[in-house]
Amino acid sequence: MKTVGRLIAGVLTFVVTFGIAASTAWAYTYNRNAARDYSNKYSCNSTQCRNSSYVDFGGSDCTNFVSQSLKAGSFPSEKHPYDFWQAEWYYSSKSDYSRSWSLVSDFKKYMVDQRKRAVIKSTTMSAQYTAASTGDVFMYDWGTGDGYSHLSIHPGYGAFADFYDSKNAKRYRSVTSGTGDWLNQHATDRYHAPWNWGYWVQRDSTVRSKMKTVIISFTP
């Protein structure tokens, strides 16, 4: 009985100690320029630009793409195969990746709430420029009652790509004098589009009034 008791006590001590260590925020390095370069390489207008090394979620690929870009920027992965209660963000293979890698709400929960690797910054939907830095992430609520459901990455700013969006009959450069903060994204793949393009092409004024975007701004 004493042996069993000591074994149980040892396991509990390990779990508690490991859990505390794992849940504590730590310093990390994020190469924003490398993340930007990756997002530029694997984003485009009109077609899909996907990295075949990763699983492809088609029209729901937004968080997967953002996560890929962060990984290219040496953002540290975290995987706990023997502890299902620990927060994780990782990609091992096309069949093994964390929920936070591929789902908007889980990505935000991991980065902001659990690991404190990022903070939320507010912005105005009609703004030309935002408080985002290169490599930060835009998180969108389209105003249709689904909450925050889309991510894009911020690769910089300047003149928008000279692209005509035939689906919405609107050119990128027709808004905010043709310049402003950019987004790169998957879902509908876009490259150097206005960061708030969804706002400008929304024709329903009621929906537009409910749309919100926040910035997931990384702390390094």
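Residues numbered from 1 in each chain as written. Predicted model: local features only at pLDDT ≥ 70, side-chain atom pairs only at ≥ 80, totals over all residues. Heavy atoms only, no water.

1. Details of the state of the cysteines
The full count for this structure, using the stated rule, is one disulfide. Across a sulfur-sulfur distance of 1.8 Å, C44 and C49 are joined as a disulfide pair. Disulfide C44-C49: the torsion about the S-S bond is 120°, which places it as right-handed. On the basis of relative accessible area, C44 is assigned to the buried category, the value being 11%. (Disulfide = S-S within 2.5 Å. Buried < 20%, exposed > 50% of the residue type's maximum accessible area, 1.4 Å probe, protein only.)

2. Overview of the nonpolar core
Membership of the largest hydrophobic core comes to 29 residues, with the highest contact counts inside it found for L70, F107, M111, I216 and F218. Taken together, the elements giving at least two residues each to this core come down to α2 (32–41), α3 (62–72), α5 (104–114), β4 (137–141), β5 (148–153) and β11 (212–218). Among the elements that line this core, the one with the most residues is α5, at five residues. Beyond its immediate sequence surroundings of up to four residues, F218 is in contact with Y28, Y30, R32, L70, F75, F107, M111, R117, A118, G135, D136 and V137. In this structure, A127, F163, W182 and V201 belong to the second largest nonpolar core, which totals 16 residues. (Core = buried A, V, L, I, M, F, W, Y, C linked by side-chain atoms within 4.5 Å. Helix = DSSP H or I, 4+ residues; strand = E, 2+ residues; numbered from the N terminus. Contact = heavy atoms within 4.5 Å.)

3. Structural notes on the pairing of β11
Most of β11 sits out of view: six of its seven residues are buried. The sheet contact formed by strand β3 (residues 118–122) and β11 spans five bridges and is antiparallel. Bridge pairing links K121 to I215 in β11. With five bridges connecting them, β4 and β11 associate as antiparallel partners. Across the sheet, the residue bridging to F138 is I215, located in β11. (Pairing = 2+ DSSP bridges.)

4. Structural notes on the environment of E78
Of note, E78 is situated in the loop between α3 and β1 (91–93). As a C-alpha pair, E78 and S98 span 20 residues in sequence and 9.3 Å in three-dimensional space. Within the structure, E78 has its side chain in polar contact with the side chain of Y110 (distance 2.5 Å). Here R115 takes part through its side chain, which lies 2.6 Å from a polar atom of the side chain of E78. (Polar contact = N/O pair within 3.5 Å; in protein donor to acceptor, adjacent residues only side chain to side chain.)

5. Let's talk about the packing of α3 against α5
Packed helices, taken two at a time, are described by the angle between their axes plus the distance between the axes. Contact geometry of α3 with α5 gives a least axis separation of 9 Å together with a crossing angle of 35°. Contacts between α3 and α5 involve C62, T63, V66, S67 and L70 on the former and, on the latter, V104, F107 and M111. Each residue belonging to the contact of α3 with α5 can be placed in one class, and the counts come to six nonpolar, two polar and no charged. (Axes fitted to C-alpha atoms, helices over the stretch in contact; angles between N-to-C directions. Nonpolar A, V, L, I, M, F, W, Y, C, P; charged D, E, K, R; others polar.)

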